[in-house]
Amino acid sequence: MVDINELARIGNDPFARLDEAAEFTVTSNTVTQGQEWPTAQYSGAMGVPNGQDISPYLAWSGAPEGTKSYAVTVFDPDAPTGSGFWHWSVGNIPADVTELAENAGTADGSGLPEGAFQLKHDGGGRGFIGAAPPAGHGAHRYIITVHALSVEKLDIPEDASNAFFGFNRFGNTLGRATMTVYGIVEE
């Protein structure tokens, strides 16, 4: 097993320079904090054998008072890009929605709540793209985050970058619920 805390010690914490936010809880019956992704959450599109690019089931609770919407992101800070790799970015999830079904992250967005949107992942398509660390590169962290926002809607273009999405969350974030899992592809 990989020590997620040891990986985090390496650095590249995506929240290190952001304002403090209330903590709440995210859980899943697909993935487990500190454990490896199941095979279905690896990326067949990026050549991982048996990978299926299926987004995990996520549920959250305990969001701070005043939450008017949610965003969900899956980010790999360990990707050898200098800027990490965004695997999934969903915004404008209504405040009364507290879960996303497994495989809600299909390219057409049909599994998402009404009004929600998905940006392109860093592989260039919409929806969830699974883990695909380069073979032999070691374990990568995948930080699953539910962001509780103080606005009902982030009005950003559908072709916005993940950085622009993050900038627009900044200043509107009341809380964050995170879970870190890992992926590794042996040589």
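An unreviewed UniProt entry lists the protein under the name Raf kinase inhibitor-like YbhB/YbcL family protein, with Enteractinococcus fodinae as the source organism. Recorded in UniProt for the protein, the comment headed Sequence similarities (unreviewed entry) runs: "Belongs to the UPF0098 family."

Quick one: what's the story with the overall build of the protein, residue by residue and with numbers?
In terms of regular secondary structure, the protein is built from two helices and nine strands. Listing every helix and strand of the protein by position from the N terminus yields α-β-β-β-β-β-β-β-β-α-β. Taking 187 residues into account, the globule formula puts the C-alpha radius of gyration at 16 Å, and the protein, at 15 Å, falls close to it. For the protein, the spread of C-alpha atoms along the three principal axes comes to 45 × 35 × 30 Å. A buried classification covers 48% of the 187 residues belonging to the protein. Long-range pairs, those at least 24 residues apart, make up 74% of the contacts in the protein with a sequence separation of at least 6. Counting 9 positive and 23 negative side-chain charges, the protein places the averaged centre of each group 8 Å from the other.

I'd like a rundown of the pattern of salt bridges, residues and numbers included.
Tallying each qualifying case throughout the model produces two salt bridges. Arg141 is paired through a salt bridge with Asp78; the nearest N and O atoms lie 2.7 Å apart. Residue Arg141 is found in strand 8 (residues 140-149), and its partner Asp78 is found in the loop between strand 4 (69-76) and strand 5 (85-94); the two are separated by 63 residues along the sequence. The exposure class assigned to Asp78 is buried, which follows from its relative accessible area of 15%.

Lay out the sheet that holds strand 5 with the relevant residues and their values.
Paired through backbone hydrogen bonds, the strands of a sheet run either parallel or antiparallel to each other. If you walk across this open sheet you meet the six strands as 1-9-8-4-5-7, and the pairing is mixed. Two strands bound the open sheet, and with one partner strand each, they are strand 1 (22-23) and strand 7 (117-118). Of the pairings in the sheet, the one linking strand 4 to strand 8 comprises seven bridges and is antiparallel in character. Counted as the bridge partner of Phe75 is Ile143 from strand 8. Relative to strand 5, helix 2 (residues 162-169) is tilted by about 45°, and along the sheet it contacts strand 4, strand 5, strand 7, strand 8 and strand 9 (173-183).

The rules we used
Residues numbered from 1 in each chain as written. Predicted model: local features only at pLDDT ≥ 70, side-chain atom pairs only at ≥ 80, totals over all residues. Heavy atoms only, no water. UniProt positions renumbered as here; feature names shortened; annotations may be inferred. Helix = DSSP H or I, 4+ residues; strand = E, 2+ residues; numbered from the N terminus. Rg over C-alpha atoms; globule rule 2.2 N^0.38 Å. Buried < 20%, exposed > 50% of the residue type's maximum accessible area, 1.4 Å probe, protein only. Contact = heavy atoms within 4.5 Å. Lys, Arg positive; Asp, Glu negative; His and termini not counted. Charge placed at Lys NZ, Arg CZ, Asp CG, Glu CD. Salt bridge = Lys/Arg side-chain N within 4 Å of Asp/Glu carboxyl O. Pairing = 2+ DSSP bridges. Axes fitted to C-alpha atoms, helices over the stretch in contact; angles between N-to-C directions.

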